[in-house]
Amino acid sequence: MSAALVLAACGGGGGGGGSAMPVGVLPTTPAQTSPAPVTPEAPVPAPTEPVVPVTPAGPTDAEILGLADSTNLSSVGYPWNGRYAGVVKRWTLPIPVKTNGEARAVPAMDAVEAKLGYVIFDRASIESADEATITRGIVFRQGTAYLPAGGNPQAFCGNVSDAPFSGGWSASMLSPGELTGRIYVNLDNPQCVADGEIVIHEIGHAMGLATHFKGFGDDDAIGPEFWPVLATLYANPIGTPKASVVIKQIKN
């Protein structure tokens, strides 16, 4: 009884006529119940697969061969100047290296070896040698990058050459295209300090990548195209003709 009194008190005002049921509660007597509309059941959505990010595809085999040709095989331009055209030109491994205590050389060499998957550099045989006695190998120098008169210092943070502060590289070669001689990796000028990617970039030059290409200086110092091009050169014997080059894909 007390519950009924409370419901009645929630109804209409003093004149009567208001419903005794709270708003939104349907009466329970059959006479007051209207048939509920029949609605079709909503379809159950099919389970969705998780969205997997699409990884951009790397360069194709044809693209890698084309870039390797432009920077090494074809011998077009400096420093090959037409010598041993159409074949792979690179070092016999391992390449002797004198770091001269340059701390950035070690992680850069580590990165190259990790990507290619084997030992590239001989880090001991000429490390203590007098530079004047070195006839074959890569020598690192700090503060000796070539900066031409009027050049933008930020564009000349490092270079490869025959000597410190030089812009020339003769690319000594033996038949059928073996790189040899003493080659300098010059890092830094008074207004620019080379970062890790620039150091790797210059090692790429010293290993046989001559002209720049997409993924190697035409945009970034090193990009997705750099590693497979370098790996392809060193996956093939010195003197391998272009038609026989085996492409080596490298995941970035």
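Residues numbered from 1 in each chain as written. Predicted model: local features only at pLDDT ≥ 70, side-chain atom pairs only at ≥ 80, totals over all residues. Heavy atoms only, no water.

1. Re the packing of aromatic side chains
So, step 1. Under the defined criterion, the tally for this structure stands at five aromatic pairs.
So, step 2. Each ring, one from Phe-216 and one from Phe-226, has its centre 5.5 Å from the other, and the planes form 15°; the classification is stacked. With Phe-216 in the loop between helix H4 (196-207) and helix H5 (226-234) and Phe-226 in helix H5, the pair connects residues that are ten residues apart, well separated along the chain. Side by side, Phe-216 and Phe-226 carry an identical accessibility label, which is buried.
So, step 3. Here a set of aromatic residues connected by ring pairs shows up, and it is made of Phe-213, Phe-216, Phe-226 and Trp-227. (Phe/Tyr/Trp six-rings, centres within 6.5 Å; stacked < 30°, edge-to-face > 60°. Helix = DSSP H or I, 4+ residues; strand = E, 2+ residues; numbered from the N terminus. Buried < 20%, exposed > 50% of the residue type's maximum accessible area, 1.4 Å probe, protein only.)

2. A few points about the confidence of the model for the chain
So, step 1. On average, residues of the chain score 85 in pLDDT, and 78% of them reach the 70 mark or higher.
So, step 2. Residue range residues 1-33 is modelled with pLDDT below 50. Its contacts to residues more than four positions away, or to other chains, number ten contacts. (pLDDT = per-residue confidence, 0-100. Contact = heavy atoms within 4.5 Å.)

3. A closer look at unusual backbone geometry
So, step 1. Following Tyr-78, the chain continues to Pro-79 via a peptide bond in cis, the omega torsion being 0°.
So, step 2. Inspection of the secondary structure puts Pro-79 in the loop between helix H2 (61-73) and strand S1 (95-98).
So, step 3. Omega for the bond connecting Leu-93 with Pro-94 falls within 30 degrees of zero, at -5°, which places this linkage in the cis form.
So, step 4. You can see Pro-94 is positioned in the loop between H2 and S1.
So, step 5. Of note in the backbone geometry, Asn-81 takes a positive phi value of approximately 55° without being a glycine.
So, step 6. Within the secondary structure layout, Asn-81 lies in the loop between H2 and S1.
So, step 7. Positive phi outside glycine occurs at Tyr-84, with the angle close to 50°.
So, step 8. Along the chain, the position of Tyr-84 falls in the loop between H2 and S1.

4. Digging into the pattern of salt bridges
So, step 1. In total, this model carries seven salt bridges according to the counting rule given.
So, step 2. In this structure, the salt-bridge partner of Glu-102 is Arg-104, at a minimum N-O distance of 2.7 Å.
So, step 3. Between Arg-123 and Glu-113 there is a salt bridge whose closest N-O contact spans 2.8 Å. Taken together, the residues span a long stretch of sequence, with Arg-123 in the loop between strand S2 (121-122) and strand S3 (137-142) and Glu-113 in helix H3 (residues 105-116) at a distance of ten residues.
So, step 4. Owing to a relative accessible area of 31%, Arg-123 belongs among the partly exposed residues under this scheme.
So, step 5. In this structure Glu-113 comes out as buried when scored by relative accessible area, which is 15%.
So, step 6. Sharing partners across several salt bridges, the network here consists of Glu-102, Arg-104 and Asp-188. (Salt bridge = Lys/Arg side-chain N within 4 Å of Asp/Glu carboxyl O.)

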